[in-house]
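One-letter residues, chain by chain:
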Amino acid sequence: MLKSPDDDLIYEVLSYLQNNGSAAGAGSVQLYLTGRGFSVSEATAGRILRKLETSGLVEKNHNKGRELSDEGQKRLRELEEIKWQYRWTEKFMDTIASLKKDKLIQLLEACRPVEIGIARLAAARASQKDIDKITNNVEQMEKCAKEGKFPAELDTEFHCLLAAASGNPILMSVIVLLRKKQENALGIAAIRAKVGAASCEDHRKILGALKWHDPEIAALAMKSHLNNLVDTLNRKE
């Protein structure tokens with residue numbers, strides 16, 4: 001499904017006209033749409049075709065009906081790309097939907113190369129403002145750790161702040177999605193509590209690498225940090 005019912009309808013009509021190979025009238029469009037699950041009359045199909053013609057997406061071919069215009073072909077390609085993105089996103093979300101141990105381990109393994117790369121980029125690109133924000137986060141986590149608390153939101157915030165400091169908005173979007181999924185996972189809170197103090201130390205090491213602007217040390221510190229979490233999860237019954 002596309003962003004709106006109108007987009008779905010436009011896609012179906014444009015797709016039909018392209019695959020039909022010749023001009024089509026309201027009657028044939030109405031039959032096609034009905035077969036695709038749309039409840040439209042022939043009069044409605046005619047109005048849709050006129051609207052598409054006004055928009056420049058179809059053009060009249062004498063008395064034979066309407067056919068796809070060059071602009072219509074361009075719009076159809078755009079809608080096909082959007083549909084592909086939606087299908088890919090749905091498939092991806094289905095893949096990580098499970099919160100069972102094996103899926104969570106796979107999720108953490110998927111995060112590892114992404115987050116190591118983020119740490120490396122953040123160390124090279126972080127501004128003083130970025131470093132100040134991450135410092136504040138680390139200090140909050142250390143304060144909570146002394147009280148025996150390990151809030152998931154602070155851990156998520158740390159990794160999201162790192163992604164922001166990398167200067168790559170695509171990485172930021174990926175890590176927000178993956179981290180929020182981890183945050184909701186069953187049992188992850190207990191695991192964080194078990195490695196909580198070590199996680200604070202790991203975060204402090206990563207922060208130090210950012211302050212030194214040393215990408216390799218940042219990457220090594222992140223790798224160690226994530227390996228600790230995966231190892232603890234592997235040992236968990």
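Our subject is the structure that appears above.
Residues numbered from 1 in each chain as written. Predicted model: local features only at pLDDT ≥ 70, side-chain atom pairs only at ≥ 80, totals over all residues. Heavy atoms only, no water.

**Description of unusual backbone geometry**
Put simply, the rule is: The helix and strand labels rest on DSSP assignments: H or I over at least four residues marks a helix, E over at least two residues marks a strand, and numbering proceeds from the N terminus. For every residue, the accessible area obtained with a 1.4 Å probe (protein chains only) is divided by the maximum for its type, and the residue is called buried under 20%, exposed over 50%, and partly exposed between those limits.
The phi torsion at His62 lies on the positive side, around 55°, for a residue other than glycine. Inspection of the secondary structure puts His62 in the loop between β1 (58–60) and β2 (66–68). For His62, a relative accessible area of 68% puts it in the exposed group.

**Some words on the packing of aromatic side chains**
Let me state the cut-off plainly: The aromatic pairing rule takes the rings of Phe, Tyr and Trp, using the six-membered ring of Trp, and pairs them if the centres are within 6.5 Å, calling planes under 30 degrees apart stacked, those over 60 edge-to-face and the rest tilted. Two conditions define a charge located above a ring, namely a distance within 6 Å from the ring centre to NZ of Lys or CZ of Arg, and an angle within 35 degrees of the ring normal.
Evaluated as defined, the whole model comprises 1 aromatic pair. For the pair Tyr16 and Tyr32, a centre-to-centre distance of 4.6 Å together with 25° between the ring planes defines the contact as stacked. On the criterion of sequence distance, the pair formed by Tyr16 in helix α1 (residues 5–20) and Tyr32 in helix α2 (residues 26–35) is long-range, its members being 16 residues apart. Classification of Tyr16 as buried rests on a relative accessible area of 14%. Over the face of the ring belonging to Tyr11 we find Lys83, whose NZ or CZ atom lies 4.8 Å from the ring centre.

These values are about where atoms sit, not about what they do.
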